[in-house]
Amino acid sequence: MKIAIYADEMAKRGESGVKNYSIEIAKGLLRIDDKNEYTLYSRENIDDKITPYKAKTVCKRPKMWKWIFFVFAPLIKKDRPDIVFMPIQTFPFLIVPKKVPKVVVTVHDVAFLLFPQYFNFWKRQYLRFNTRRSVKLANRIIVPSEATKRDIVRFYKVPECKIRVVHHGVSKELRELAQKNDPRVNGLSKGCPYILFVGAIQPRKNIIRLVKAFDMLKKTGKYEHKLIICGGKGWLYWKIFDSIRHSAFHEDVIIVGDAGNDLLASLYADADLFVM
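All values reported here derive from a predicted model rather than from experimental measurement.

How each quantity is defined
- Residues numbered from 1 in each chain as written.
- Predicted model: local features only at pLDDT ≥ 70, side-chain atom pairs only at ≥ 80, totals over all residues.
- Heavy atoms only, no water.
- Helix = DSSP H or I, 4+ residues; strand = E, 2+ residues; numbered from the N terminus.
- Rg over C-alpha atoms; globule rule 2.2 N^0.38 Å.
- Buried < 20%, exposed > 50% of the residue type's maximum accessible area, 1.4 Å probe, protein only.
- Contact = heavy atoms within 4.5 Å.
- Areas by Shrake-Rupley, 256 points an atom, 1.4 Å probe, with all protein chains shown as cover.
- Lys, Arg positive; Asp, Glu negative; His and termini not counted.
- Charge placed at Lys NZ, Arg CZ, Asp CG, Glu CD.
- Core = buried A, V, L, I, M, F, W, Y, C linked by side-chain atoms within 4.5 Å.
- Pairing = 2+ DSSP bridges.
- Right-handed = clockwise from strand over helix to strand, strands pointing away.
- Patch = residues over 30% accessible without salt bridge, like charges linked within 9 Å, V, L, I, M, F, W, Y side chains within 5 Å.
- Salt bridge = Lys/Arg side-chain N within 4 Å of Asp/Glu carboxyl O.
- Axes fitted to C-alpha atoms, helices over the stretch in contact; angles between N-to-C directions.
- Parallel < 35°, antiparallel > 145°, perpendicular 65-115°, else oblique.
- Nonpolar A, V, L, I, M, F, W, Y, C, P; charged D, E, K, R; others polar.

S.K.: Residue-level account of the overall build of the chain, with values.
M.R.: Each helix and strand counted, the chain has nine helices and eleven strands in total. Relative to its length of 276 residues, the chain is compact, with a C-alpha radius of gyration of 21 Å against a globular reference of 19 Å. Sorting the 276 residues of the chain into buried and exposed places 45% on the buried side. Relative to all contacts within the chain whose residues are 6 or more apart in sequence, the contacts with residues 24 or more apart total 61%. On the chain, roughly 15900 Å² of surface is accessible, and the fraction owed to carbon and sulfur atoms is 54%. Taking the average location of the 50 positive side-chain charges in the chain and that of its 28 negative ones, the two points are 9 Å from each other.

Dropping the structure here:
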């Protein structure tokens with residue numbers, strides 16, 4: 001079969017869960033499947049993201065609004081793959097004469113329905129529109145958990161047989177890096193115990209509650225731990241920074257920006273506790 005993968009997430013700057021998911025699942029497919037032909041479509045060159053695996057990549061760079069709809073979709077119509085895999089919850093506008101490819105989408109969560117107050121108006125509308133289209137039109141839906149599967153069935157009345165739960169994995173490369181490196185973080189001395197959070201710094205990640213819990217822990221006087229918050233700034237990030245400034249233990253809270261795999265692997269490996 002000819003399988004097309006929407007790979008534009010891989011080329012985005014900064015770090016994110018969806019970006020890592022896209023890279024790792026593409027590498028995994030290319031590693032185990034030598035029977036099918038894969039083509040990865042992106043706005044930027046992504047050959048370095050899938051090294052050493054061989055796959056055809058198509059790179060188109062027009063500065064056009066909504067690349068996924070107005071560039072990616074016409075490319076799919078032209079190339080006519082058997083399957084299109086979308087690692088994001090968006091369905092391209094596909095109208096292909098005679099042959100319509102099967103489309104598989106990943107829906108990571110429906111937090112915008114469960115906690116709408118943590119999304120701005122335009123983001124909410126964008127996710128509502130695209131997720132609804134995706135779950136209705138896709139031939140198969142991949143979700144990372146039974147909870148998300150239940151949410152999709154509940155909100156969109158999608159038959160359960162259309163949804164597959166595929167849990168996230170752990171990169172083998174991350175394990176190998178963890179064995180080679182020691183974390184180097186400003187404000188963290190070697191051997192100092194710490195609690196780790198990894199994710200975008202925004203209210204819907206519940207970091208404000210984490211900071212309050214950390215305060216309660218430190219007030220007992222039994223723990224020398226630091227709290228490391230590792231991630232890029234998201235929507236309303238300043239609310240989290242305010243909560244940290246008002247903490248009696250703000251000097252023990254360390255903010256790390258987007259971390260590369262070398263640092264991230266070590267932070268995971270040496271943490272006393274990981275909080276999600």
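S.K.: An account of the nonpolar core is requested, with residue identities and associated values reported.
M.R.: Ranked by internal contacts, the top residues of the largest apolar core, which has 32 residues, are Phe72, Met86, Ile141 and Ile152. Going through the elements one at a time, β1 (2-6), α2 (67-79), β4 (83-86), β5 (102-106), α3 (111-114), α4 (121-137), β6 (140-143) and α5 (146-156) are the ones with two or more residues in this core. Counting residues per element, this core draws most heavily on α2, which supplies seven residues. Among the nonpolar cores identified, the runner-up in size contains 17 residues, and Met10, Ile23, Tyr53 and Ile83 belong to it.

S.K.: Can you break down the pairing of strand β9 (residues 226-230) residue by residue, with the values?
M.R.: Counting buried positions along β9 yields five of five residues, so the element is predominantly enclosed. Going residue by residue along β9, you find Lys226, Ile228 and Cys230 tucked away on one face and Leu227 and Ile229 tucked away on the opposite face as well. Looking at chain direction, strand β8 (residues 194-198) and β9 are connected through five bridges and run parallel. Its bridge partner lying in β9, Val198 is registered against Cys230. Between the parallel elements β8 and β9, the chain passes through helix α7 (residues 207-219) in a crossover that is right-handed. Where β9 lies against strand β10 (residues 253-256), four bridges are found, and the strand directions are parallel. Along β10, the bridge assignment pairs Cys230 with Val256. Read from β9 through helix α8 (residues 237-245) to β10, the crossover connection turns out right-handed.

S.K.: An account of a nonpolar patch on the surface is needed here, citing residue identities and associated values.
M.R.: On the surface, Leu114, Phe115 and Phe155 cluster together into a nonpolar patch covering about 250 Å² of accessible area. Positionally, Leu114 belongs in helix α3.

S.K.: Please provide a residue-by-residue account of the environment of Gly28, values included.
M.R.: In this fold, Gly28 is placed in helix α1 (residues 17-32). Exposure remark for Gly28: the relative accessible area of 14% places this residue in the buried category. It is 9.6 Å that separates the C-alpha atoms of Gly28 and Ile50, two residues lying 22 residues apart in sequence.

S.K.: Could you give an account of the packing of α7 against α8, with specific residues and numbers?
M.R.: Contact pair α7 / α8: the axes reach a minimum separation of 9 Å and the direction vectors enclose 10°. What the angle tells us is that α7 and α8 run roughly parallel. Packed against α7, whose contacting residues are Ile207, Ile208 and Val211, the element α8 presents Lys239, Ile240, Ser243 and Ile244 at the interface. Within the contact of α7 with α8, the residues separate by chemical class into five nonpolar, one polar and one charged.

S.K.: Outline the side chain of Ser247, listing residues and values.
M.R.: Inspection of the secondary structure assignment puts Ser247 in the loop between α8 and β10. What makes Ser247 buried here is its relative accessible area of 4%. Sequence-distant contacts of Ser247, defined by excluding residues within four places in its chain, comprise Val211 and Asp215.

S.K.: Requested: an account of the sheet that holds β10, with residues and values cited.
M.R.: Reading across from one edge, β10-β9-β8-β11 is the order of the four strands in this open sheet, with parallel pairing throughout. The strands lining the two open edges of the sheet, one partner per strand, are β10 and β11 (273-274). Strand contacts of α7: β8, β9 and β10, with the helix running at about 170° to β9, the strand carrying the most contacts.

S.K.: Pulling in residues and values, what's your account of the pairing of β1?
M.R.: When you tally the buried positions in β1, you get four out of five residues, the bulk of the element. Where β1 and strand β2 (residues 37-42) come together, five bridges link them in parallel fashion. Opposite Tyr6, over in β2, you have Tyr41 as the bridge partner. Once the chain exits β1 it traverses α1 before rejoining the sheet at β2, and the crossover so formed is right-handed. Relative to β4, β1 runs parallel, the two sharing three bridges. Bridging across to β4, Ile5 finds its partner in Phe85.

Note that every value here comes from positions in space, so none of it alone points to a role or purpose.
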